[in-house]
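# Report on the structure
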Amino acid sequence: MRVVVIGAGGLLGTAFRRVAGELPDVEALFPGRSELDVTDPLSVERYLGATAPDGVVNAAALLPADLCETHPRTAYEIHALGARWVSRACERLGAVSVYISTDFVFDGTSRDGYAPDSPTRPTLTYGITKRAGELETCLGASRHLVLRTAGLFGPPPPGTGVRPCFVDRILRKADSGEPVQVVDSVVMSPTYTVDLARMTFALLLDGAASGVHHAVGQGAASWYEVAATAVRLAGRNVPVTPQREQSHVAATRPARTPLTGALPGRARAHQRPWQEALAEYLREYWPAPPRAAGSAGPRGPGE
Ligand SMILES: NC(=O)c1ccc[n+]([C@@H]2O[C@H](COP(=O)([O-])OP(=O)(O)OC[C@H]3O[C@@H](n4cnc5c(N)ncnc54)[C@H](OP(=O)(O)O)[C@@H]3O)[C@@H](O)[C@H]2O)c1
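What counts and what doesn't
Residues numbered from 1 in each chain as written. Predicted model: local features only at pLDDT ≥ 70, side-chain atom pairs only at ≥ 80, totals over all residues. Heavy atoms only, no water. Near = heavy atom within 4 Å. Polar contact = N/O pair within 3.5 Å; in protein donor to acceptor, adjacent residues only side chain to side chain. Areas by Shrake-Rupley, 256 points an atom, 1.4 Å probe, with all protein chains shown as cover. Helix = DSSP H or I, 4+ residues; strand = E, 2+ residues; numbered from the N terminus. Nonpolar A, V, L, I, M, F, W, Y, C, P; charged D, E, K, R; others polar. Pairing = 2+ DSSP bridges. Axes fitted to C-alpha atoms, helices over the stretch in contact; angles between N-to-C directions. Contact = heavy atoms within 4.5 Å. Core = buried A, V, L, I, M, F, W, Y, C linked by side-chain atoms within 4.5 Å. Buried < 20%, exposed > 50% of the residue type's maximum accessible area, 1.4 Å probe, protein only. Salt bridge = Lys/Arg side-chain N within 4 Å of Asp/Glu carboxyl O. Phe/Tyr/Trp six-rings, centres within 6.5 Å; stacked < 30°, edge-to-face > 60°. Lys NZ or Arg CZ within 6 Å of the ring centre and 35° of its normal.

### Examining the site of the ligand
Taken together, 25 residues lie near the ligand, and Leu12, Arg33, Asp37, Tyr126 and Lys130 sit nearest. Here an oxygen atom of the ligand sits 2.8 Å away from a polar atom, N or O, in the side chain of Lys130. Taken by itself the ligand offers 900 Å² of open surface, and the protein chains cover 81% of this. When residues of the shell around the ligand are traced back to their parent elements, those giving at least two are α1 (11–20), β4 (96–102) and α5 (125–140). Top contributing element to the shell around the ligand by residue count: β4, with three residues. Of the residues belonging to the shell around the ligand, the class tally is 14 nonpolar, eight polar and three charged.

### What about the sheet that holds strand β1 (residues 2–6)?
Reading across from one edge, β2-β1-β3-β4-β5-β10 is the order of the six strands in this open sheet, with parallel pairing throughout. Looking at strand neighbours, the two that pair on one side only are β2 (27–29) and β10 (211–214), the edges of this open sheet. Averaged over all pairs of adjacent strands, the angle between their axes in this sheet comes to 20°, without regard to strand direction. Of the strand pairs in this sheet, β4 and strand β5 (residues 144–149) are connected by six bridges, and their pairing is parallel. Bridged to Ser97 within β5 is His144. Sitting on the sheet, helix α4 (residues 72–93) touches β1, β3 (55–58) and β4, and the angle it makes with β4 is about 160°. Together, β4, β5 and β10 form the strand contacts of α5, whose direction differs from that of β4 by roughly 160°.

### Let's talk about the nonpolar core
Core analysis: the largest hydrophobic core is formed by 56 residues, its most contacted members being Val167 and Leu282. Per element, the largest residue contribution to this core is eight residues, and it comes from helix α7 (residues 193–206). When sequence neighbours within four positions are dropped, the list of residues in contact with Leu282 reads Val167, Leu171, Ala230, Leu233, Ala234 and Pro287.

### Brief notes about the pattern of salt bridges
Summed over the entire model, instances satisfying the criterion amount to 17 salt bridges. Here Arg272 ties to Glu276 by a salt bridge, and the two come within 4.0 Å at their closest N and O atoms. A residue is classified by how much of its surface remains accessible, and Arg272, at 14% relative accessible area, is buried. The class for Glu276 is partly exposed, based on a relative accessible area of 45%. What emerges from the salt-bridge pattern is a single network uniting Arg18, Glu22, Arg198 and Glu284.

### Some points on the packing of aromatic side chains
Summed over all chains, the structure comprises eight aromatic pairs. Here the aromatic cluster, defined as three or more aromatic residues joined through ring pairs, consists of Phe153, Tyr192, Tyr281 and Tyr285. Across from the ring centre of Trp85, 5.8 Å away, lies the NZ or CZ of Arg84, which sits over that ring.

Set out below in structure tokens:
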């Protein structure tokens, strides 16, 4: 199966590169923005027409969400119009259009979280334009998968100037001796990018029926809980303190967006408790610091 991954230079795209290398049945292509710009219908048509993929994963985005508030037109062009051009090209080629979406299509006021068929009500430009992209995908391509995800952490994209994930930013802070204070009033479904890439490929290889799915790790947590767990599992002996207000961001995030609903087929096997996925990520990318001679040392991963 040939799969084109758009947005491959980003956080999620990096995981797609890694996972594609593990799958003998997948030939994955990773165009840069100069080869395929989702806001340019001609470049979308040209690249997809020349490569004739069976599936296209559209992970292009304008992030962080605050940027969408200051650049709403660009956000609309990338998230909504981009989804339109990609899905129309997929329809012509008979390919599956996979749109990576977000928990921010919900307003975060539900106590019980959100199922794939829960009514959407985005509050930020990021969520509004991503919801528009979901609709463009569903209407534009008869074979489509809308995969809503959340709270991504995973290996950093190579190169300089790329924003590391939340977990990496927290651990860098801990290692630099800065106080680690994290908001505890925003709860979501933390998701390991490598797991999400595996879920996506499994859905494509299974030939999953068109629809909207929640592709996240199991469980829910506040950013504070994620940070405190990461610091503990990585063996950093640094206090993490909760902060109530979202004073550090320009765009106030929806407060509670746990996503529910199990994926079909083999993709389900890659939905695991977020703590288990985080522990695996940290073992691989953030080994515990060496113990000082004669000291009990900080608690290492898995303890
Ligand atoms: N990060 C999260 O916690 C999170 C949570 C929920 C959902 N999501 C969704 O997950 C997906 C991946 O997010 P991410 O965290 O990997 O984002 P990211 O690291 O910011 O990567 C976004 C990628 O999109 C590319 N891109 C931007 N505009 C483009 C355009 N016009 N044409 C083609 N490519 C373009 C960027 O290319 P350049 O490298 O050229 O800039 C970059 O490689 C997105 O759909 C996002 O909405 C993310």
